[in-house]
Amino acid sequence: MLIRQLTGAAPRTPMPRGAVDSQMHMYLPGFPALPGGPGLPLGDLPTPAQYREVMAWLGLDRVIVTQGNAHQRDNASLLACLAEMGDCARGMAVISAETTEAEMTALVDGGCVGARIMDLPGGALGLAHLEAVDARAHAAGWGMAVQFDGSHLADHMPRLKALKSRWVLDHHGKFFKGITPLSAEVEMMKRLLDTGRVWYKIAGCYESSKTGGPDYADVADVTRVIAEYAPERILWGTNWPHNLAKETAEYPDDAALLDTTLGWLPSDAARHLALVDNPEAFFGLPKFTG
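Residues numbered from 1 in each chain as written. Predicted model: local features only at pLDDT ≥ 70, side-chain atom pairs only at ≥ 80, totals over all residues. Heavy atoms only, no water.

1. What about the sheet that holds strand S4 (residues 112-118)?
The condition is simple: Strands were regarded as paired on the criterion that DSSP finds at least two bridges between them. Each helix is a run of DSSP H or I of at least 4 residues and each strand a run of E of at least 2, with the numbering of both proceeding from the N terminus. Simply put, an axis is a line fit to the C-alpha atoms, just over the touching stretch for a helix, and the angle between two N-to-C directions goes from 0 to 180 degrees.
Ordered by their spatial adjacency, eight strands build an open sheet running S1-S2-S3-S4-S5-S6-S7-S8, and the pairing between neighbours is parallel. At either margin of the open sheet sits one strand with a lone partner, and together these are strand S1 (20-24) and strand S8 (234-236). Looking at each pair of strands side by side, their axes are set apart by 30° on average, direction ignored.

2. Considering the pairing of strand S7 (residues 198-202)
To keep it simple, the criterion reads: Each residue is assigned to one of three classes by its accessible area relative to the maximum for its type, calculated with a 1.4 Å probe on protein chains only: buried under 20%, partly exposed between the two thresholds, exposed over 50%. Classification remark: right-handed applies to a crossover when, strands pointing away from the viewer, the course from the first strand over the helix to the second runs clockwise.
Extensive coverage of S7 is indicated by the burial of five of its five residues. The pairing of strand S6 (residues 167-169) with S7 spans three bridges and is classified as parallel. Bridge pairing links Leu169 to Tyr200 in S7. Considered for its hand, the β-α-β crossover made up of S6, helix H6 (residues 184-193) and S7 is right-handed. Across three bridges, the pairing between S7 and S8 is parallel. Bridge pairing in S8 links Lys201 to Leu235.

3. Quick notes on empty space enclosed by the protein
Just so we agree on the cut-off: Put plainly, a pocket is an open set of points on a 1 Å grid over the protein atoms alone with protein on both sides within 12 Å along at least five of seven lines, a cavity is a set where a 1.4 Å probe fits but cannot get out, and a lining residue has an atom within 4 Å of a point. Grid points are joined across faces, edges and corners, and a volume is the space filled by probe spheres set on the points. In this classification, the charged set is Asp, Glu, Lys and Arg, the nonpolar set is Ala, Val, Leu, Ile, Met, Phe, Trp, Tyr, Cys and Pro, and all remaining amino acids, among them Gly, are polar.
Enumeration according to the criterion identifies four cavities of 30 Å³ or more in this entry. Estimates place the volume of the largest cavity at around 100 Å³. Along the walls of the largest cavity sit His172, Lys174, Phe175, Gly178, Ile179, Tyr200, Ser208, Asp218, Val219 and Val222, which together make up its complete lining. Top contributing element to the lining of the largest cavity by residue count: helix H7 (residues 217-229), with three residues. Partitioned by chemical class, the residues of the lining of the largest cavity number five nonpolar, three polar and two charged. In this structure, the second largest cavity occupies an estimated 80 Å³ of space. Lining the second largest cavity, in full, are His172, Ile202, Ala203, Gly204, Cys205, Trp236, Gly237, Thr238, Asp254, Leu257, Leu258 and Thr261. Residue contributions to the lining of the second largest cavity peak at four residues, all from helix H8 (residues 254-262).

4. Details of the nonpolar core
Using the following cut-off: Put simply, buried Ala, Val, Leu, Ile, Met, Phe, Trp, Tyr and Cys residues joined by side-chain atoms within 4.5 Å make one nonpolar core. In this analysis, two residues are considered to be in contact whenever any of their non-hydrogen atoms come within 4.5 Å of each other.
Counting 72 residues, the largest nonpolar core has Tyr51, Leu153, Trp167 and Met189 as the members making the most contacts within it. In this structure Tyr51 touches Asp21, Met24, Met26, Leu60, Val63, Met85 and Trp240, once residues within four positions along its chain are discounted. With eleven residues, the next largest nonpolar core counts Trp199, Phe282, Phe283 and Leu285 among its residues.

5. A few points about the environment of Ala230
Structurally, Ala230 is set in the loop between H7 and S8. On the accessibility criterion, Ala230 (2% relative accessible area) is buried. Along the sequence, Ala230 and Leu160 sit 70 residues apart, while their C-alpha atoms lie 18 Å from each other.

6. What to know about the packing of aromatic side chains
For the record, the criterion: Stacked, tilted and edge-to-face pairs are distinguished by plane angle, under 30 degrees for stacked and over 60 for edge-to-face with tilted covering the rest, among Phe, Tyr and Trp rings (Trp via its six-membered ring) whose centres lie within 6.5 Å. We call a charge positioned over a ring when the NZ of a Lys or the CZ of an Arg lies within 6 Å of the ring centre and within 35 degrees of the ring normal.
In this structure the tally under the stated criterion is three aromatic pairs. Residues Trp199 and Phe282 carry aromatic rings whose centres are separated by 5.0 Å and whose planes lie at 65° to one another, so their mutual orientation is edge-to-face. One end of the pair, Trp199, is in strand S7; the other, Phe282, is in helix H9 (residues 268-283), and 83 residues separate them in sequence. There is no split in this pair, since Trp199 and Phe282 are both buried. Taking 4.9 Å as the distance between ring centres and 85° as the angle between the ring planes, the aromatic pair formed by Phe282 and Phe283 counts as edge-to-face. Pair check on accessibility: Phe282 and Phe283 agree, each one buried. Here the aromatic cluster, defined as three or more aromatic residues joined through ring pairs, consists of Trp199, Phe282 and Phe283. If you follow Arg166 out to its NZ or CZ, it ends over the ring of Phe282, 5.8 Å from the centre. Sitting over the face of the ring of Trp199, Arg233 holds its NZ or CZ atom 4.3 Å from the ring centroid.

Geometric descriptors of this kind do not, in isolation, establish any biological role.
Okay, here's the thing in structure tokens:
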């Protein structure tokens, strides 16, 4: 059985006004899982109402809702969740070369600001669609979230460097083979950041860490190097509702995870960039005035 913690002791890390959660998923009743995806999350459906409790607990003001793999290429659930959340939320949708202009208009009107590529089991669109999605995203002024096994980063470098859209390397790069600050892949990530079109997302460290929690030391070591190198290119997210967790005992404490991962950034100024300024730039959000 899985029961999610939705509130608790506040994080130790001071959260700036306008803080953005740049990576999470949410769901509403009435939208079943589609073939090809991983199925809906276990336990109670992680709804917008549940997530609002988490926002209040952690001190978050804004959120980017990423299309869940359970719904594959059907963005209806995402749009319904964005409507439920209101102006504090924007969305990352799944689009392809076949997405019509009418569909793109509906996505923009519904609050979508980007597209996702997920080249791992259960993903709706993999790297085979990278250039086609890039073309659509660039034409719309959108960003892209690109997720794949970073162990193959060298193989994809020419294609990644050629992308026209701004894009973020998702989930710490997901180097499933494991890397260190001295690995060649770290230098490759720096070269991508140097293009001015690439960001690096801190989210879901537990999905690729070999050393495990609570410190996730291997992912932490690499993230510290990247964050020091390009603090203006870091995004951060909760990865709520932690869909890999199968039972309550392994469900993360979101406040503790926030403190751990934001602690990898070198200063309060760098945390403000990752939580406010960088997501405003990447997702095209208005300056926070709330």
